[in-house]
Each structure stands twice: as C-alpha cells, then as structure tokens.
Amino acid sequence: MPRESGMRKFWMMVAVFVLACGVRADGPGDNVVGNVRAIPPVPKMMTAGDRADVEAGVKALGEEIGKLREELKGKTELLALLPDVEIYYDALRYPIAYNEPYDMKLLRKQIAEGMERAKELAEGKAPWVMEGGARGYVSKIDGSVQPYVVGAPKSYAAGSNRKYRLDFFCHGRGEDLMESKFIAGGKPAANEKFVVNLYGRYCNANKFAGEIDLLEVLEAMKRQYPIDENRIVETGFSMGGAAAWQFAVHYTDLFCAASPGAGFAETKEFLRVFQNEPVKPAWYEQKLWHVYDCTDYAANIFNLPLVAYSGEIDRQKQAADVMEKAMAEEGLKLDHRIGPKTAHAYEKETKARLDKSLDEYAARGRNTAPKGIRFTTWTLRYNHMFWVNVQELERHWERARVDAKLVNREGIEAKTVNVAAVKFEFAAGEAPFEKGSRPVVVVDGTRIEGPVVGADGAWQIALARRNRDWKMVAGLEDGKLRKRPGLQGPIDDAFLDRFIIVKPTGTSANEQVGKWASGECEHAILHWHKQFRGEAMVKNDVDVSEADIASSNLVLFGDPASNKIIARIAEKLPIRWSGKEIAVGEKTFPAEGHAVAMIYPNPLNAKKYIVLNSGFTFREYDYLNNARQVSKLPDYAVIDVTVPVSARTPGGIAAGGFFGEGWELQKDDGKN
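Residues numbered from 1 in each chain as written. Predicted model: local features only at pLDDT ≥ 70, side-chain atom pairs only at ≥ 80, totals over all residues. Heavy atoms only, no water.

S.K.: Quick one: what's the story with the state of the cysteines, residue by residue and with numbers?
M.R.: Summed over all chains, the structure comprises zero disulfides. Cysteine Cys256 shares no disulfide, and the gap to the nearest cysteine sulfur, in Cys170, comes to 15 Å. On the basis of relative accessibility, which here comes to 3%, the residue Cys256 falls in the buried class. (Disulfide = S-S within 2.5 Å. Buried < 20%, exposed > 50% of the residue type's maximum accessible area, 1.4 Å probe, protein only.)

This is the structure:
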C-alpha cells in the first residue's frame, strides 16, 4: 500500500504542475513579435545579503569540487560520480550568473545538500546511487553537467544479476523550471523498476539537445545500473506528452512501450487551435516541419505498443486525435484511453488501467528482431527501425519508406520508396537464419543472394540503388560527399553533437556584416544557455586546434576576411563569399549588407560539420510555445543584415534552400 500511495501522490503532483504552468502560452497575446516576454522569466532582484550567501555557497562548493577532482584521480568509479555534486553547483550558480528564477529557501537548502554530497564522496560514499535521487552526467554536446532524477526499486542491491525495467518520464512545460527546482522535485515512485524523470534541457519538449538528453541519460543508467534494454518504457504528460510522441515515432526501436499524455503532435494545427495563430511559414520552414511533426511518422507506431491518454475535456486531447487520424490513414488503430469528465490531468481509474497495460507490454519485452517492419522517415537523422537501417535517401524532406518482412527463415522481402541505400543487419545471436546459409533479399523485385550467416548468428547486407538497380555493396563509405546519417543538415543538426563556437579575430570586409556577425555570435552563446541549459564552448579562430577539428562541429562567425577558419575553407564551399559578393549558383548578392548562414561537412574533416553565422535557428518568439520550437532555417540562407534582427529572424532572408544529397547546390531548389 505505501508504494501505491506514493505513485498516486506522484501523479497528483504531475497533474498540479502541468495545470499550473502548461497553458500559460496558449493564446494570441503571445503572437506579437514585437512584445515577447522573457523565457526564462526575469525574477525579482536578489537582496545583497542573499546574493552574498549564494555566492559564498557557490565558492565553497566549487572549491570542494576542485579538491575532489584531484583527490579522486585514479579512483575511476568515484570520479564518475562527481557530476552528482556538480549539478548542485550549477543549480546555485546559474541564478546569480544569468539573473534567472530562484527560490532562496531552496538555494540555501541546496548549498547544504551539495556540500554534504561532496563530503560523502570524499569519504568514498554515495548513498544516493542506491537510494535514488538527483543525478548528473556530462553531456557530449557542450561539456555541461545535466541533471536527471532517479527512482530506484527497493529490491535493488549492488552486484545483483537481476535486470530491471526502466521507465522514462518527460515533464510538462515550466518556464521557471530551473535546475534548482527540478532536482528538488523529489524521487519518483519506482516499485520494482527504475524510473527516471528527465530534465530534457529545460523547456523544449525534449527536442534538439533535449532529445539527446534521453540518449545520454540512458547510457548513464546502463553504465551504473542493471537495466534490461528490452524493457524500457517512455512516458510523459502535457509538454512531456509531446516529447513522448516524438520519441515514440523517432526512436521507436529503443522502447518496449510508450504512453504519451496530452501534449502536441505537430505544429500547424496545434498553433492554430491553441495560439489562434495563422501560421504562414516560408517554403523551407514548412519542409522542416517534417523533422518533428509526429503525424508524418505515424506508420512507425506499427512497430511499438503505444497507449495514448487524454482527459475527455482537455483541449490537448487534440494531439491524440490528430495522431489517431494519421494512424488510421496508415491502417493502424490508436489505443486511446480517455479520462471521463477530466481536463488537463490523469484520471485515477483510467490511469490505473493504462499502467496495467504498460506493465503487460513491459513483461513481454521488446522484440529486437520482429518479423515485419514498417518504417518511414523524412531525414537521415532518424534512419533506423530494428534491423532496417537506411543509409541514403534519394531526396531529403520527401517521405521515405521501407516495408520489410522475414520470409520463412530464408530471407527478406522489402519494398522501398525514396531510399538510395539501406542495410539489413542483425547482431550476434539475433539473425533468424540458419548459420552458414546465404539468405536471399528481394528488394523492390530485385533478387539478391546475401553473404553467409556467421557462426555467431550475426548477419548484415548493404544494398545501394545505382542507376535504378539495387546491388549488394561491400560498404557505403565510398569517399564521395553525400548526406549520411548524422551528416545531413539542416543547420540545427550541428547542435545535437559536440560543437565549438569560433569567434573571429580579424576585421570583416564589410563593417555592417562584421557588427551583425558579432551580435549573432553573442546571441548564440547567451541563448544556448537560456534554452538548452549549458554553456557553449567558445574559442577564437587562432586557437582552434587539430584536435578540435577532429572532435567537434565548428560554428564559425564572421566572413572570410575576419575568421581565419572560414578563410581556410572558403574555396571548398559551394557558396562563394568574397569581399564584393556572395554567389549562390547563378544568383549573386552584394557582400555589403549580406552574410551567409549555412551548414556543410567540414572540408578539414568531412565527418563533422561547419556552420556559418548561426546558432540554433528558432528565436525568442518561438520560446513562447513549444510547438514553435522547430528549425527555422534550412541548409543555407543569405541574410540581409540591413533588415533589423528580430525575435523571429536574424535579419531579412534574401535566399535560402537545401543542398542536394551530394551536398551540392540544386538548380530546382525552391518551393517545389
């Protein structure tokens, strides 16, 4: 009974939280570009005494962390737990460094909690690992320490061989949900499973760096706890329900079940209904909705048990309704549980039945080698579904499909649309074919005899469509520049992996462009923290090392005259930029008053990106509703810097478009 009571209390807290903060942005008052309120909100000024106390706490905790870093050298297991202390340091430091919302009583409490953790770690203790609580990991993206909160099962004991189910929960919208408030939220009830509350990089519906947060937390959990990878469930409510929808359709094969509650599932209709906003996107913005519009990926739910929840009188029932329609168009039926006479909250009895269904799916577990797969995507950022792994598209931002099935332990039959290269691959022990046999693949009617199944039960085949014919190939890394998974754009894609912002040390060829680039650089640095809760790594162009080029996406601000890295690569880019003009194919723009924003494989290391003159591409206006937080610029844009920067754009967009599958300029790029 105590466990059941704890779970009910947790879901009541969830409902109260989302009711309190989930609807603030829904209305035409947040549709005025020239009157955008700050997110995070600006708090009341901290008194001099309070500020002195917090600064003293930050200083003391920082010194303890420094000591621990030295003392724990060589003690790998303990040193790996240092982020569990550092989350307190950042939670205390950010409110005074960035003038962000705070609760003084909470900050005082967390000074003591952080110091106590530091003391325990110095003594070789870390009781929170077994008991659950606030944890931290170091993100590959920006080196920041990101928090998450773990609920641990009482039966868990160190060294146990038992594997445990893991549930992820994504929180609702909270514009004042700073790190301090998040880690103080308490441990979720866990029963006989691990439960993780994700921070998701604050208030972005777990998109962009927020989606990588789940992947990095999962890796951290697998390193430290006995997680059953075939019993991972993802859930969320309100904004977190939107996150659960996008994880379900984009990372389908990670989970054994999913349950989105309320939220949103696409951009256009949601903004029309909830913001009364007449959405009039540029042609490339509309194409870029295909990144996060879950309705476009509805077919993928064929591969995942999913139970949606809505309150009967909740306006955010709209999310499940549009997904139900999209799934029906794919011949699928949505399991939609509706809480009677309930608004924006879980209804107790409906939630209990929903949880029972999730328990049944989790007990069954994930099948890593299903007999049939239906997969759709619009971008190689999301390119796999179990044993199907798409490697090349014929054209990005048009629907690609793979429908594949295993045939009598003898081979695979597959039909594709808009796919240029694909792998079918099974890990050791998972291939459903006889060892030593040569499975036959029939793809779009072409029969291909595959390689021999290995003695370990692993098998894979790589296929490429060349001159309309499918052929087996030894590998797809042929040295040619092509859009590949994780190297396909658009600009925002560079910020899903490690990046360094590179400032120019020279003088721009055009004073106005130089001033604009400097402003955009500072905007990118500040707003990375505001919206993604890290601190961007920043270097001057003269300080960029070969190791940086090898390890990181380089985000370069300036022009070929001012930024030495841009000067090194300028002749190898498809867009030419001189002191006089910018040439985009046959179109030219005067360099005076214009600048280039773009993404492209780094000519100095084609496995990483370079970005010119852009941070993430949605801006202050878009922070007001999470459905707006989508890519606003394509692979490249020519910016008219004589048009003032606004809360919506970095200036005037004189031209913009997508590179082709070989990263070439496309003559037909445009509205068609």
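S.K.: Describe the sheet that holds strand E13 (residues 411-417), and please don't skip the residues or the numbers.
M.R.: Strand order in the open sheet formed by five strands is E9-E12-E13-E15-E16, and the pairing between neighbours is mixed. If you trace the sheet from one side to the other, it starts and ends with strand E9 (372-377) and strand E16 (446-449), each paired once. Each neighbouring strand pair of the sheet contributes to a mean axis angle of 15 degrees, computed without reference to strand direction. As paired strands, strand E12 (residues 400-407) and E13 are joined by seven bridges and run antiparallel to one another. Residue pairing for E13: Lys405 is matched across the bridge by Glu413. (Pairing = 2+ DSSP bridges. Helix = DSSP H or I, 4+ residues; strand = E, 2+ residues; numbered from the N terminus. Axes fitted to C-alpha atoms, helices over the stretch in contact; angles between N-to-C directions.)

S.K.: Would you mind going over the pattern of salt bridges in detail, with residue names and values included?
M.R.: Within this structure, the stated rule accounts for 53 salt bridges. Two residues, Glu520 and Arg619, come together in a salt bridge whose shortest N-O distance is 2.9 Å. Residue Glu520 is located in helix H14 (residues 511-532), and its partner Arg619 is located in the loop between strand E26 (605-612) and strand E27 (636-640); the two are separated by 99 residues in the primary sequence. With respect to burial, Glu520 and Arg619 carry one shared label: buried. (Salt bridge = Lys/Arg side-chain N within 4 Å of Asp/Glu carboxyl O.)

S.K.: Please provide a residue-by-residue account of the sheet that holds strand E24 (residues 587-590), values included.
M.R.: Hydrogen bonds between backbone atoms are what pair the strands of a sheet, whose relative direction is either parallel or antiparallel. Judged by pairing direction, the sheet is antiparallel, and its three strands sit side by side in the order E22-E23-E24 without closing on themselves. Sheet topology places strand E22 (576-577) and E24 at the edges, where each strand pairs with a single neighbour. Sheet analysis places E22 next to strand E23 (residues 581-584), joined by two bridges and oriented antiparallel. Residue Trp577 lies in a different strand from E23, and its bridge partner there is Ile582.

S.K.: Explain the packing of helix H2 (residues 48-71) against helix H4 (residues 83-98) residue by residue, including any values.
M.R.: It is at 9 Å that the axes of H2 and H4 come closest, and there the two elements cross at 150 degrees. The angle between H2 and H4 places the two elements in the roughly antiparallel class. You can see that H2 and H4 cross each other, and the crossing is left-handed. Residue-level contacts link Arg51, Val54, Glu55, Val58, Leu61, Gly62, Ile65 and Arg69 of H2 to Val85, Glu86, Tyr88, Tyr89, Leu92, Arg93 and Ile96 of H4. Split into classes, the residues belonging to the contact of H2 with H4 amount to nine nonpolar, one polar and five charged. (Parallel < 35°, antiparallel > 145°, perpendicular 65-115°, else oblique. Left-handed = near helix turned anticlockwise from the far one by under 90°. Contact = heavy atoms within 4.5 Å. Nonpolar A, V, L, I, M, F, W, Y, C, P; charged D, E, K, R; others polar.)

S.K.: Help me get a handle on unusual backbone geometry, residues and values and all.
M.R.: Residue Pro40 is bonded to the preceding Ile39 through a cis peptide linkage, with omega at 0 degrees. Mapped onto the elements of the fold, Pro40 is located in the loop between helix H1 (2-21) and H2. Residue Gly489 is joined to Pro490 through a cis peptide bond whose omega torsion reads 0 degrees. For Phe386, which is not glycine, the phi torsion reads 55 degrees and is therefore positive. Topologically, Phe386 is positioned in the loop between strand E10 (384-385) and strand E11 (388-393).

S.K.: Any details on the nonpolar core? Residues and values, ideally.
M.R.: Core analysis: the largest hydrophobic core is formed by 159 residues, its most contacted members being Phe194, Met221 and Trp245. If we ignore the near neighbours within four places in the chain, the residues touching Met221 are Tyr148, Val150, Leu166, Phe194, Val196 and Ile227. Grouped together as the second largest cluster of nonpolar side chains are 30 residues, Val402, Ala404, Val441 and Trp459 included. (Core = buried A, V, L, I, M, F, W, Y, C linked by side-chain atoms within 4.5 Å.)

S.K.: Give a description of the environment of Asn383 that names residues and reports values.
M.R.: Mapped onto the secondary structure, Asn383 falls in the loop between E9 and E10. Leave out the neighbours within four places in its chain, and Asn383 touches Phe375, Val388, Asn389, Val390, Gln391 and Pro485. At a separation of 2.7 Å, a polar atom in the side chain of Asn383 contacts the side chain of Asn389. (Polar contact = N/O pair within 3.5 Å; in protein donor to acceptor, adjacent residues only side chain to side chain.)

S.K.: Quick rundown of the side chain of Ser144? Include the residues and the values.
M.R.: Along the chain, the position of Ser144 falls in the loop between strand E1 (132-138) and strand E2 (145-151). Engagement of the side chain of Ser144 in a polar contact is seen with the side chain of Gln146, the distance being 2.9 Å. Excluding its chain neighbours within four sequence positions, the residues that come into contact with Ser144 are Tyr137, Val138, Ser139, Arg201, Arg533 and Gly534.

S.K.: Help me get a handle on the confidence of the model for the chain, residues and values and all.
M.R.: Close inspection of predicted coordinates is inappropriate in any region flagged by low pLDDT. Averaged over every residue, the pLDDT of the chain is 94; the share at 70 or more is 95%. Counted against residues more than four places away or in other chains, residues 1-23, with its pLDDT under 50, gives 37 contacts. (pLDDT = per-residue confidence, 0-100.)

S.K.: Describe the pairing of E2, listing the residues and the values that go with them.
M.R.: Counting buried positions over the seven residues of E2 gives seven, a clear majority of the element. The side-chain alternation of E2 yields two buried faces, one formed by Val145, Pro147, Val149 and Gly151 and the other by Gln146, Tyr148 and Val150. Inspection of the sheet shows E1 paired to E2 by seven bridges, in the antiparallel sense. Bridge pairing in E2 links Val138 to Val145. Where E1 hands over to E2, the hairpin turn is made up of six residues, of which Gly143 adopts a positive phi near 75 degrees. Summarising the sheet, E2 and strand E4 (residues 194-198) pair through four bridges and their orientation is antiparallel. Across the sheet, residue Gly151 finds its bridge partner in E4, namely Val195.

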